[in-house]
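Summary of structural features
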Amino acid sequence: MITLVTGGARSGKSRFAENLYKDEKDVVYIATSKATDAEMRERVKLHQESRPSEWRTYEGNYDLQNSIGKERNYLLDCITVLTSNIMFDISKDVEYIDYDMQRRIEDTVIREMQNLINGISLKDYNLVLVTNEVGDSIVPEHHISRVFRDIQGRINQKIASLADEVYLVCCGIPVKIK
Ligand SMILES: Nc1nc2c(ncn2[C@@H]2O[C@H](COP(=O)(O)OP(=O)(O)OP(=O)(O)O)[C@@H](O)[C@H]2O)c(=O)[nH]1
């Protein structure tokens, strides 16, 4: 069963996603963020302390299938950070990200997701994927932000179509939309 959880920053989506496994010990937490500065390190530390100690944490971006073990439950937080890391890798030498490059970025993110999904061999597994609604505000001023918003919007549509259930979290309140 694949569940997609989407929402804005500080909408409560990560907490909602973690609560889906509140009675489970057999959980792998897949963190896509890299704690490269003090703000992120502090945030990550709070997250780690709030998770049940039995959960296993896997940190990575590429080769997400390496997170797979004997566990039945997986939680990936979040696709948006995965997209931005892949986008910066692929577009690092260009100033303008054309449609071909946008497609390559999208395809790479979707391939990582597919590898993860296909790699879990247990029949009755659960995979919760967290993403962000990044398109709900004004049109961003800069090209790179507009491209990121468009890429993430299209990726969210594709992953929502693969998911069995989709929740939108707003003001800490989850709304089931699929
Ligand atoms: N590297 C790493 N990142 C982590 C770890 N635990 C959590 N994170 C990252 O923390 C981020 C989520 O935290 P926040 O940014 O505080 O949450 P949010 O999703 O914006 O906020 P809400 O919508 O309120 O849940 C995700 O990008 C995770 O990858 C960890 O153990 N290691």
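So, here's what we can say about the structure.

Basis of the calculations
Residues numbered from 1 in each chain as written. Predicted model: local features only at pLDDT ≥ 70, side-chain atom pairs only at ≥ 80, totals over all residues. Heavy atoms only, no water. Near = heavy atom within 4 Å. Polar contact = N/O pair within 3.5 Å; in protein donor to acceptor, adjacent residues only side chain to side chain. Areas by Shrake-Rupley, 256 points an atom, 1.4 Å probe, with all protein chains shown as cover. 1 Å grid on protein atoms, 1.4 Å probe; cavity = no way out; pocket = protein on both sides within 12 Å on 5 of 7 lines; lining within 4 Å. Sits in = over half its atoms within 2 Å of the grid points. Helix = DSSP H or I, 4+ residues; strand = E, 2+ residues; numbered from the N terminus. Patch = residues over 30% accessible without salt bridge, like charges linked within 9 Å, V, L, I, M, F, W, Y side chains within 5 Å. Salt bridge = Lys/Arg side-chain N within 4 Å of Asp/Glu carboxyl O. Buried < 20%, exposed > 50% of the residue type's maximum accessible area, 1.4 Å probe, protein only. Axes fitted to C-alpha atoms, helices over the stretch in contact; angles between N-to-C directions. Left-handed = near helix turned anticlockwise from the far one by under 90°. Contact = heavy atoms within 4.5 Å. Nonpolar A, V, L, I, M, F, W, Y, C, P; charged D, E, K, R; others polar.

Here we take up the site of the ligand. Of all residues adjacent to the ligand, which total 22 residues, the nearest are Ser14, Ser33, His47, Glu59 and Asp77. Contacts to the ligand include arginine 10, whose side-chain N or O atom sits 2.9 Å from an oxygen atom. In the environment of the ligand, an oxygen atom lies 2.5 Å from a nitrogen or oxygen atom belonging to the backbone of aspartate 77. Protein contact buries 91% of the 670 Å² of open area that the ligand shows by itself. With respect to the pocket detection grid, the ligand is positioned in the largest pocket. Put simply, the parts of the chain that give the shell around the ligand at least two residues each are helix 1 (13–19), strand 2 (27–31), helix 2 (38–50) and strand 3 (56–59).

There is a patch of nonpolar side chains on the surface, built from Leu168, Ile173, Val175 and Ile177 and spanning about 340 Å² of accessible area. Looking at where valine 175 falls in the secondary structure, it is placed in strand 7 (residues 173–176). Relative accessible area serves as the criterion here: at 40%, valine 175 is assigned to the partly exposed category.

All right, on to the packing of helix 4 (residues 99–119) against helix 5 (residues 143–162) then. Direction vectors running N to C along helix 4 and helix 5 enclose 35 degrees, while the axes themselves pass 10 Å from each other. Considering how the two elements wind past one another, helix 4 and helix 5 form a crossing that is right-handed. Residue-level contacts link Gln102, Arg103, Ile105, Glu106, Val109, Ile110, Met113, Gln114 and Ile117 of helix 4 to Val147, Ile151, Arg154, Ile155, Lys158, Ile159 and Leu162 of helix 5. A class-by-class count of the residues in the contact of helix 4 with helix 5 yields 10 nonpolar, two polar and four charged.

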